Amino acid sequence: ERREAERKEAERKEAERREAQRREAERREAERREAERQEAEKKELEKKEAERQRAAAQTEALRQEQAKKQMEMKEAQAAAASQPQPKAQQTSGEADVGIELVTESGLHAVHAIVRNGPAFLTQSIAVGDQVESVNGQSVSGLSTDEVAALLRGANGTSV
């Protein structure tokens, strides 16, 4: 009877030991999974931060590029304004819009704006703007004089 009690006690202790080992293995597995989850979360956060920084850098580069273009445009306008300005042409009831054109590689662009001319007063045209059409008519293939002629019209009319 005593041996039977000792055997049962030994079996109970062995069962407790196995249960403790099982719980310890489960605890370690849970810790391992949690560490993996945290590592994956950390990598995801690092990836998002890197993407955010790339986007911020791109935004800053675009902002700087726009600021540079605005500065260049202001400098070009200032340079054009400091040059002697031709008078807006007006003959026999006709006038032009008050711009000087240049043509390069078939593209017509505003080279200067006549001070106090219609374009200057409305501020609707800037130095560097390209003239692609006049009153819906394409200017592609036209000479500078032909484009200038299209831009002339009766006083007070829109172009």
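Residues numbered from 1 in each chain as written. Predicted model: local features only at pLDDT ≥ 70, side-chain atom pairs only at ≥ 80, totals over all residues. Heavy atoms only, no water.

Participant: It is not clear to me how the sheet that holds strand β3 (residues 99-104) should be interpreted in this structure. Could you clarify?
Facilitator: Two modes of strand pairing occur in sheets, parallel and antiparallel, and in both the strands are linked by backbone hydrogen bonds. Strands sit in the order β3-β4-β5 across an open sheet of three strands; the sheet is antiparallel. Looking at strand neighbours, the two that pair on one side only are β3 and β5 (130-131), the edges of this open sheet. In this structure, strand β4 (residues 107-113) lies alongside β5, joined through two bridges in antiparallel fashion. Of the residues in β5, the one forming a bridge with His 108 is Val 131. (Pairing = 2+ DSSP bridges. Helix = DSSP H or I, 4+ residues; strand = E, 2+ residues; numbered from the N terminus.)

Participant: It is not clear to me how the pattern of salt bridges should be interpreted in this structure. Could you clarify?
Facilitator: Pairing of side chains with opposite charge becomes possible as their charged atoms draw close. Applying the stated criterion to the full structure yields 21 salt bridges. Residue Arg 2 pairs with Glu 6 through a salt bridge whose shortest N-O separation is 3.3 Å. Of this pair, Arg 2 and Glu 6 are both found in helix α1 (residues 2-82), four residues apart, which corresponds to roughly one turn of the helix. By relative accessible area, which is 65% here, Arg 2 ends up exposed. Salt-bridge contacts for Arg 63 lead to Glu 60; the nearest nitrogen and oxygen are separated by 2.6 Å. Here Arg 63 pairs with Glu 60, and both are found in helix α1, just three residues apart, close to one helical turn. Where salt bridges share partners, they join Glu 19, Arg 22, Arg 23 and Glu 26 into one cluster. (Salt bridge = Lys/Arg side-chain N within 4 Å of Asp/Glu carboxyl O. Buried < 20%, exposed > 50% of the residue type's maximum accessible area, 1.4 Å probe, protein only.)

Participant: I would appreciate a short explanation of the environment of Gly 128 in the present structure.
Facilitator: Secondary-structure assignment places Gly 128 in the loop between α2 (118-122) and β5. When residues no more than four places from it in sequence are discounted, the contact partners of Gly 128 are Ala 109 and Val 110. (Contact = heavy atoms within 4.5 Å.)

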